[in-house]
Amino acid sequence: MKDGPDIARIGSLIGDPARANILSALLSGKALTASELATEAGITGPTASSHLKKLMEGGLLAQAKQGRHRYFTLAGPEVGAVLEALMGLAARKGHLRTRTGPRDPQMRAARVCYDHLAGDMAVRIFDSLQARGFLTVSSDKGGLALTGEGIEFVTGIGIDLEALSSSRRPLCRPCLDWSERRNHLAGGLGAALLDSFMERNWLRREKDSRIVHISPKGEAELKKLFPAA
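**Regarding the overall build of the chain**
(1) Moving on: On a plain count of helices and strands, the chain comes out with eleven helices and eleven strands.
(2) Moving on: Taken over C-alpha atoms, the radius of gyration comes to 18 Å for the chain, in line with the 17 Å a tight globule of 229 residues would show.
(3) Moving on: Considered along the principal axes of its C-alpha atoms, the chain spans approximately 55 × 45 × 40 Å.
(4) Moving on: A burial count over the chain gives 41% of its 229 residues as buried.
(5) Moving on: Contacts spanning at least 24 positions in sequence make up 58% of the contacts within the chain whose residues lie at least 6 apart.

**Considering the nonpolar core**
(1) Moving on: Of all hydrophobic cores here, the largest spans 30 residues; its most connected members are L117 and L185.
(2) Moving on: Elements represented by at least two residues in this core include exactly α7 (120–131), β7 (143–146), α8 (148–156), α10 (187–199) and α11 (216–225).
(3) Moving on: Once residues within four sequence positions are removed from consideration, L117 is found in contact with A110, R111, A122, I125, H184, L185, L194, L203 and V212.
(4) Moving on: Judged by nonpolar contacts, the second largest core, of 20 residues, contains I14, I22, L27 and A34.

**Digging into a positive patch on the surface**
(1) Moving on: A contiguous patch of positive charge on the surface is contributed by R92, K93, R108 and R181.
(2) Moving on: Mapped onto the fold, R92 is located in helix α5 (residues 77–92).
(3) Moving on: Classification of R92 as partly exposed rests on a relative accessible area of 42%.

**With respect to the sheet that holds strand β1 (residues 32–33)**
(1) Moving on: Pairing within the open sheet is antiparallel, and its three strands lie in the order β1-β3-β2. Every other strand in the sheet has two partners, leaving β1 and β2 (61–66) as the edge strands with one partner each.
(2) Moving on: Across two bridges, β1 lies against strand β3 (residues 69–74) in antiparallel orientation. Across the sheet, the residue bridging to T33 is Y71, located in β3.
(3) Moving on: Along the sheet, helix α4 (residues 45–57) contacts β2 and β3; its crossing angle with β2, the most-contacted strand, is approximately 115°.

**Quick notes on unusual backbone geometry**
Negative phi is the rule for most residues except glycine; trans is the rule for most peptide bonds.
(1) Moving on: You will see that Y114, though not glycine, has its phi angle at about 65°, which is positive.
(2) Moving on: Of note, Y114 is situated in the loop between β4 (111–113) and β5 (116–118).
(3) Moving on: Taking the relative accessible area as the measure of exposure, Y114 reaches 18% and is therefore buried.
(4) Moving on: With phi around 65°, N201 is a residue other than glycine that occupies positive phi space.

**Details of α10**
(1) Moving on: For α10, which comprises 13 residues, the first-to-last C-alpha distance of 19 Å matches the rise-based estimate of 18 Å (1.5 Å per residue) to within 8%.
(2) Moving on: Among all positions in α10, only G187, G188, L189, G190, A191, A192, L193, L194, S196 and F197 are buried.
(3) Moving on: Phi turns positive one or two residues past the end of α10, at N201, with a value near 65°.

**With respect to the packing of aromatic side chains**
(1) Moving on: Scanning the entire structure with this criterion turns up four aromatic pairs.
(2) Moving on: Here the aromatic rings of F153 and F226 are separated by 5.7 Å at their centres, their planes lie at 80°, and the arrangement is edge-to-face. You can see F153 sitting in helix α8 and its partner F226 sitting in the segment after α11, a full 73 residues away along the chain. One exposure class covers both F153 and F226, and it is buried.
(3) Moving on: Aromatic side chains F197 and W202 sit 5.8 Å apart centroid to centroid with 25° between the ring planes, which places their arrangement in the stacked category.
(4) Moving on: What makes W202 buried here is its relative accessible area of 6%.
(5) Moving on: Within the aromatic cluster, the residues linked to one another by ring pairs are F134, F153, F197, W202 and F226.

Analysis parameters
Residues numbered from 1 in each chain as written. Predicted model: local features only at pLDDT ≥ 70, side-chain atom pairs only at ≥ 80, totals over all residues. Heavy atoms only, no water. Helix = DSSP H or I, 4+ residues; strand = E, 2+ residues; numbered from the N terminus. Rg over C-alpha atoms; globule rule 2.2 N^0.38 Å. Buried < 20%, exposed > 50% of the residue type's maximum accessible area, 1.4 Å probe, protein only. Contact = heavy atoms within 4.5 Å. Core = buried A, V, L, I, M, F, W, Y, C linked by side-chain atoms within 4.5 Å. Patch = residues over 30% accessible without salt bridge, like charges linked within 9 Å, V, L, I, M, F, W, Y side chains within 5 Å. Areas by Shrake-Rupley, 256 points an atom, 1.4 Å probe, with all protein chains shown as cover. Salt bridge = Lys/Arg side-chain N within 4 Å of Asp/Glu carboxyl O. Lys, Arg positive; Asp, Glu negative; His and termini not counted. Charge placed at Lys NZ, Arg CZ, Asp CG, Glu CD. Pairing = 2+ DSSP bridges. Axes fitted to C-alpha atoms, helices over the stretch in contact; angles between N-to-C directions. Expected span 1.5 Å × (residues − 1). Phe/Tyr/Trp six-rings, centres within 6.5 Å; stacked < 30°, edge-to-face > 60°.

Now the structure itself:
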């Protein structure tokens, strides 16, 4: 294909193991320094700088300076969505890392996918919203949309839809969950729900990790709000 988007360049940027580790580390949504990313990728500082430069030039990373330090983040939620989708594809095709440990069940139960919730609980929420007719396929946008009942439900639990709708970001977007291999909710609403659950202390981020811990009260409240489909 001579014309159109150059997917080969994006693929080559993500496909390098060190760069893939750097990008995966930033799926937590946190900004990390070059030295922290070097540690995450298992490479030296100079090598990390070279990879970071390539990822910046490719538009996959953004950086901010604070004092003497430079902090790196994913360039936006669309980059996180691509990474999570690739993880789902790799899992479905059997391309799994063989090393497992006690943290793996925690990652599968609940984790952060850039700025929204992923894992078993997130899939439960998505399935519950769909089963009750709160989410529907949007034919004009080629994605998801809240129904009238869905709007009432979401506003009823304290989500400011007017503020979310003013953003250029899609309100609702399906994101393929790599561990459950089914969709969870991304987009502005997915991010707002995660923020809301954390403000209520139903969820707690583990330090320096994508793992999210669900409190006993949080689990009870989430199961009440989002009954199994």
